[in-house]
Amino acid sequence: VFDLVFLDAEKEDYEDLFSLTRRFLEPGALVVADNVLSHAETLAAYSAARQADPALVSVTVPLDRGLELTVVVGHDG
């Protein structure tokens, strides 16, 4: 089980990396994705998918190059 996941890799891989770790994330876990504003074109779908998932609470924070902070609030259906 992971309490914290920090994504700072090839931007095209964020979705796959999130999917790989999702089963290890229980309620209360935090995922931080880096560079979501500096690579907005590539990562917009990643942020939108996290924000649309009812098992997550996710927000884009405009710090530095942008962070997507995602907290797991429910189990993956």
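What you see is a predicted model, and the numbers here were worked out from it, not measured in a lab.

Conventions and cut-offs
Residues numbered from 1 in each chain as written. Predicted model: local features only at pLDDT ≥ 70, side-chain atom pairs only at ≥ 80, totals over all residues. Heavy atoms only, no water. Patch = residues over 30% accessible without salt bridge, like charges linked within 9 Å, V, L, I, M, F, W, Y side chains within 5 Å. Areas by Shrake-Rupley, 256 points an atom, 1.4 Å probe, with all protein chains shown as cover. Salt bridge = Lys/Arg side-chain N within 4 Å of Asp/Glu carboxyl O. Helix = DSSP H or I, 4+ residues; strand = E, 2+ residues; numbered from the N terminus. Pairing = 2+ DSSP bridges. Axes fitted to C-alpha atoms, helices over the stretch in contact; angles between N-to-C directions. Expected span 1.5 Å × (residues − 1). Buried < 20%, exposed > 50% of the residue type's maximum accessible area, 1.4 Å probe, protein only. Arc of directions from axis to C-beta. Phe/Tyr/Trp six-rings, centres within 6.5 Å; stacked < 30°, edge-to-face > 60°.

Asker: Account for a nonpolar patch on the surface, naming residues and giving values.
Answerer: A cluster of nonpolar side chains, contributed by Val57, Val71 and Val73, occupies part of the molecular surface with about 220 Å² of accessible area. Tracing the chain through its elements places Val57 in strand β3 (residues 56-61).

Asker: Go over the sheet that holds strand β1 (residues 2-7) with me, naming the residues and quoting the values.
Answerer: What the four strands build is an open sheet, ordered β1-β2-β4-β3; its pairing is mixed. Only two strands of the sheet have a single neighbouring strand rather than two, namely β1 and β3. Pairwise comparison of adjacent strand axes, ignoring direction, gives a mean angle of 10° for this sheet. Pairing of β3 with strand β4 (residues 67-72), which is carried by six bridges, proceeds in the antiparallel orientation.

Asker: A description of the environment of Gly28 should follow, citing residues and the corresponding values.
Answerer: Its place among the elements puts Gly28 in strand β2 (residues 25-34). Along the chain, Gly28 and Asp3 lie 25 residues apart, while their C-alpha atoms are 7.3 Å from each other.

Asker: Can you lay out helix α2 (residues 40-52) for me, pointing to particular residues and giving the numbers?
Answerer: Its 13 residues give α2 an end-to-end C-alpha distance of 17 Å, which sits within 8% of 18 Å, the value for a rise of 1.5 Å per residue. The set of residues buried in α2 consists of Leu43, Tyr46, Ser47 and Arg50. The buried residues of α2 occupy an angular sector of 100° when projected down its axis, which confines them to one face. Exposed side of α2, more than 90 degrees from the buried face: Glu41, Ala45 and Ala52 are the residues found there.

Asker: How would you sum up the packing of aromatic side chains? Please name residues and give values.
Answerer: Tallied over the full model, the rule gives three aromatic pairs. Aromatic side chains Tyr14 and Tyr46 sit 5.8 Å apart centroid to centroid with 80° between the ring planes, which places their arrangement in the edge-to-face category. Separated by 32 residues along the polypeptide, Tyr14 in helix α1 (residues 14-22) and Tyr46 in helix α2 bring together distant segments of the chain. Tyr46 shares its class with Tyr14; the two are buried. Measuring from centroid to centroid gives 6.2 Å for Phe18 and Tyr46, while their planes differ by 80°, and the two rings are edge-to-face. In this pair, Phe18 sits in helix α1 while Tyr46 sits in helix α2, placing the two residues 28 residues apart along the sequence. Note on accessibility: Phe18 and Tyr46 belong to one class, buried.

Asker: Go over the pattern of salt bridges with me, naming the residues and quoting the values.
Answerer: All chains considered together, the criterion is met by two salt bridges. Across the salt bridge formed by Asp8 and Lys11, the nearest N and O atoms sit 3.5 Å from each other. The salt bridge involving Arg50 is made with Glu15; its shortest N-O contact spans 2.8 Å. Remark: Glu15 occurs in helix α1 and Arg50 occurs in helix α2; sequence separation between them is 35 residues. Glu15 sits in the partly exposed class, given a relative accessible area of 30%.

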